[in-house]
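Spelled out, the chains give:
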Amino acid sequence: MSKRFPPPHPPPQAGEGDRPPSPDAPPKVELRDVGLRYFGRDRETEALKGISLAIAAGEFVAIIGQSGCGKSTLLSLISGILRPTGGAVLIDGAPVAGPSRKVGYMLQQDYLFEWRTILENAVLGAEIQGLDMGKARARATQLLTRYGLGQFLDRRPRELSGGMRQRVALARTLVTEPDIVLLDEPFSALDSQTRLALADEITEILRRERKTAILVTHDIGEAVSMAERVVVLSRRPGRVKSDRPIRYATPDGARPKPLAARNAPEFNGYFNTLWQELEVHVEG
Amino acid sequence: MSKVEAAMTYAGESPEYRAWLAQERRSRLTVRGTQLALLLLFLVLWEVLPRAQIINPLFTSYPSALWPTFVSLIDSTPQQAGILWHAWSTLLATVIGFSAAMAIGTAIAAALWWWPALYRVLDPYLVVANAMPKTAFVPIFYIWLGATLSIYGMSLAISLFVTVLMIYNGFNGTDPNKIKLAQTFGATKGQILAKVVLPGSVPTLIAALKVNVGLSLVGVVVGEFQSANLGLGYLIQYGSQIFKLNIVMTAITILAVMSSAMYLAIASLETAVMRRR
């Protein structure tokens, strides 16, 4: 994985969530006063307004907010498939000019192509990006095997359960070896047991691979259990309403797995605080 | 769900399940039997009514006359070529017609997908062109294109516009999230077309092909009425002019067999493709 050389002096960005690992390195992902308006024939819609965020390498951040607050739009901006109408999005200190190999994006559903086998689906991104297909297939096979899908490589998506399909989608995202993984409510289409189990699994995988992860969800429990930091967006136009670290006291100081975090004493406190922050906007 | 079904079957068939299977088989046989009975009834009436002079045999011929007529026409029809040669000519024109309609129609649909503004401009013209009775152009095509080409032209014209509209709708109906997925990997428009839109529209392409086979055959036969000296359409026209209904009915029967065979071929292609999904 080639790393871009950081620019000599990134402009200092003062923000409440600005916690880079070292003062010199630019944040992995940075949004500076980002705004986005959608234009329709009848009206324009301001989806996001004045969003400033800095996310450090290896950080796992959850962004929560009510539906329609622009959470998914934020991910589209970071992934480069949308351009902001105001402000700037930077990755490793460089402005985002379009989709890049550094960013992997997991959508709300798996969207596996029913005409491709599981393995062919997993290497889709590599194929589009023109990577070495031999290596991509080897890596996809390795990932799928690790996720317990080794004997399904030549099957079709419809033969797999929802949780298995979402694991294929994760493999598809990770085959191209992105540094940053964007997760857009990746469990919303799953039943609740699968959801919890898969949240555990995916969080572990992303931490083990030291990915920078940005999870968008409207599920407070999911955010608090998975992420190290939760950003609350206000109703449309989405603004940063709050930004707080989530910490759990564990004997070994290690971050608990999401399922264990749900039983930690701190969980309810965070949950209630965030719940209130979201609730305010229902009334306001 | 299939796993559940499989598990239940392996667990041993209950008497209820066997009874249900038998019931299913009976109802299938009843349908097939009724279909066969209807066909037989039709043939018997066709044979008996003219022979009893209830309808004029001059107008209808008899089913029993078809086979002898066919055999006698194998070597030569009154118009030199054998009947199989006529049938081959019609079949070839039809295959060329629907193949061209599929190729050109897919290309046009792709262009319309690629440039949405083009679609917005052409939309009303396509709708009108599709609604036009294309057979009205048979005499004009004969003048413009000559005897042979006008048949191919009619076959193409009659199936092209509906193909364009069907395939364009298929392309346009591609799940936008699948396109978004490709975009997150940085896919170009060409890659989106080749890797998402086209493979995702295979069921639509097959549906268009099914429609086209029938339409192209109509185009060819109508074209042959006007301009050919070869082909089943021509044979029908000729036979009716000299009041040889044996020839007409034989040619029509061959057409029926031909279109059924092409339809079945495409249906089995469809099954083969769908099994891979």
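What you see is a predicted model; the values in this text were computed from it and never measured.

Along the backbone of chain A there are 9 helices and 10 strands. Looking at chain A as a whole, 44% of its 284 residues qualify as buried. Pairs at least 24 apart in sequence give 71% of the contacts found in chain A among residues at least 6 apart.

Before going further, it helps to examine the overall build of chain B. A tally of helices and strands in chain B yields 12 helices and 0 strands. Listing each helix as α and each strand as β along chain B from the N terminus yields α-α-α-α-α-α-α-α-α-α-α-α. In terms of C-alpha radius of gyration, chain B reaches 25 Å, well past the compact-globule figure of 19 Å for 277 residues. When the backbone C-alpha atoms are referred to their principal axes, chain B occupies close to 70 × 65 × 30 Å. Evaluated residue by residue, chain B yields a buried proportion of 33% over its 277 residues. Of all intrachain contacts in chain B linking residues separated by at least 6 positions in sequence, the fraction that spans at least 24 positions is 70%.

Attention now moves to helix 10 (residues 202-227) of chain B. Along its 26 residues, helix 10 of chain B runs 36 Å from first to last C-alpha, staying within 8% of the 38 Å computed at 1.5 Å per residue. By the largest-angle criterion, N212(B) marks the main kink of helix 10 of chain B, which is about 25°.

All names here are of chain A. With respect to topology, 4 strands assemble into an open sheet ordered 2-1-4-5, the strand pairing being antiparallel. Two strands in the sheet have a free side with no partner beyond their single neighbour: strand 2 (44-55) and strand 5 (94-95). Pairing of strand 1 (residues 29-39) with strand 2, which is carried by 8 bridges, proceeds in the antiparallel orientation. Pairing of V34 across the sheet is with I51, part of strand 2.

Moving on to the sheet that holds strand 3 (residues 60-64) of chain A. Remark on secondary structure: sheet strands pair via backbone hydrogen bonds, oriented parallel or antiparallel. Residues and elements named next belong to chain A. The strand order across the open sheet formed by 6 strands is 6-7-8-3-9-10, and the pairing between neighbours is mixed. Among the strands making up the open sheet, the edge pair consists of strand 6 (103-106) and strand 10 (240-245). Geometrically, the sheet is characterised by an average inter-axis angle of 15° between neighbouring strands, direction not taken into account.

Time to look at the interface of chain B and chain A. Each partner contributes residues to the interface: chain B has 15 residues there, and chain A has 17 residues. Of all elements in the fold, only helix 8 (176-184) and helix 9 (189-200) of chain B reach the threshold of two or more residues within the side of chain B that touches chain A. With 7 residues, the top contributor of residues to the side of chain B that touches chain A is helix 8 of chain B.

Moving on: the domain arrangement of chain B. Residue and element names in this part refer to chain B. Domains assigned within chain B are domain 1 (2-60) and domain 2 (63-275). Using C-alpha coordinates to define each centre, domain 1 is positioned 31 Å away from domain 2. Opposite the 6 residues of domain 1 that make contact, domain 2 presents 4 residues. For the side of domain 1 that touches domain 2, the secondary structure elements donating two or more residues are helix 2 (15-51) and helix 3 (57-60).

What follows deals with helix 6 (residues 116-131) of chain B. An α-helix turns once every 3.6 residues. As a result, residues three or four positions apart point the same way. Residues and elements named next belong to chain B. In this model helix 6 runs 22 Å from its N-terminal to its C-terminal C-alpha over 16 residues, within 8% of the 22 Å that 1.5 Å per residue would give. L122 marks the point of greatest bend in helix 6, at about 50°, and the proline P124 comes within the next four residues. Of all the 16 residues making up helix 6, 0 are buried; the element is thus mostly uncovered.

Residues in a regular strand point their side chains to alternate faces of the sheet. Residues and elements named next belong to chain A. Counting buried positions along strand 7 (residues 180-184) yields 5 of 5 residues, so the element is predominantly enclosed. Along strand 7, one buried face is formed by I180, L182 and D184 and the opposite face, lined by V181 and L183, is buried too. Of the pairings in the sheet, the one linking strand 6 to strand 7 comprises 4 bridges and is parallel in character. Looking across to strand 7, one finds that M106 is bridged to L183. Sheet topology places strand 7 next to strand 8 (residues 212-217); 5 bridges connect them, and they run parallel. Note that in strand 8 the partner of D184 across the bridge is V216. A crossover links strand 7 with its parallel partner strand 8, the connecting element being helix 6 (residues 192-208), and its sense is right-handed.

All names here are of chain A. One can describe the packing of helix 5 (residues 162-175) onto helix 6 by two numbers: an axis separation of 10 Å at closest approach and a directional angle of 20°. On the basis of the axis angle, helix 5 is roughly parallel to helix 6. Classified by chirality, the crossing of helix 6 by helix 5 is right-handed. When helix 5 is examined against helix 6, the residues G162, G163, Q166 and L170 are found in contact with a partner set consisting of T194, L198, I202 and I205. Here the residues of the contact of helix 5 with helix 6 sort into 4 nonpolar, 4 polar and no charged.

Rules of the game
- Residues numbered from 1 in each chain as written.
- Chains lettered and ligands numbered in written order.
- Predicted model: local features only at pLDDT ≥ 70, side-chain atom pairs only at ≥ 80, totals over all residues.
- Helix = DSSP H or I, 4+ residues; strand = E, 2+ residues; numbered from the N terminus.
- Buried ≥ 20, exposed ≤ 12 C-beta atoms within 10 Å, placed from the backbone.
- Contact = placed C-beta atoms within 7 Å.
- Rg over C-alpha atoms; globule rule 2.2 N^0.38 Å.
- Expected span 1.5 Å × (residues − 1).
- Bend = angle between axes of the 7 residues up to and from the residue.
- Pairing = 2+ DSSP bridges.
- Axes fitted to C-alpha atoms, helices over the stretch in contact; angles between N-to-C directions.
- Domains from an automatic or database assignment.
- Right-handed = clockwise from strand over helix to strand, strands pointing away.
- Parallel < 35°, antiparallel > 145°, perpendicular 65-115°, else oblique.
- Left-handed = near helix turned anticlockwise from the far one by under 90°.
- Nonpolar A, V, L, I, M, F, W, Y, C, P; charged D, E, K, R; others polar.

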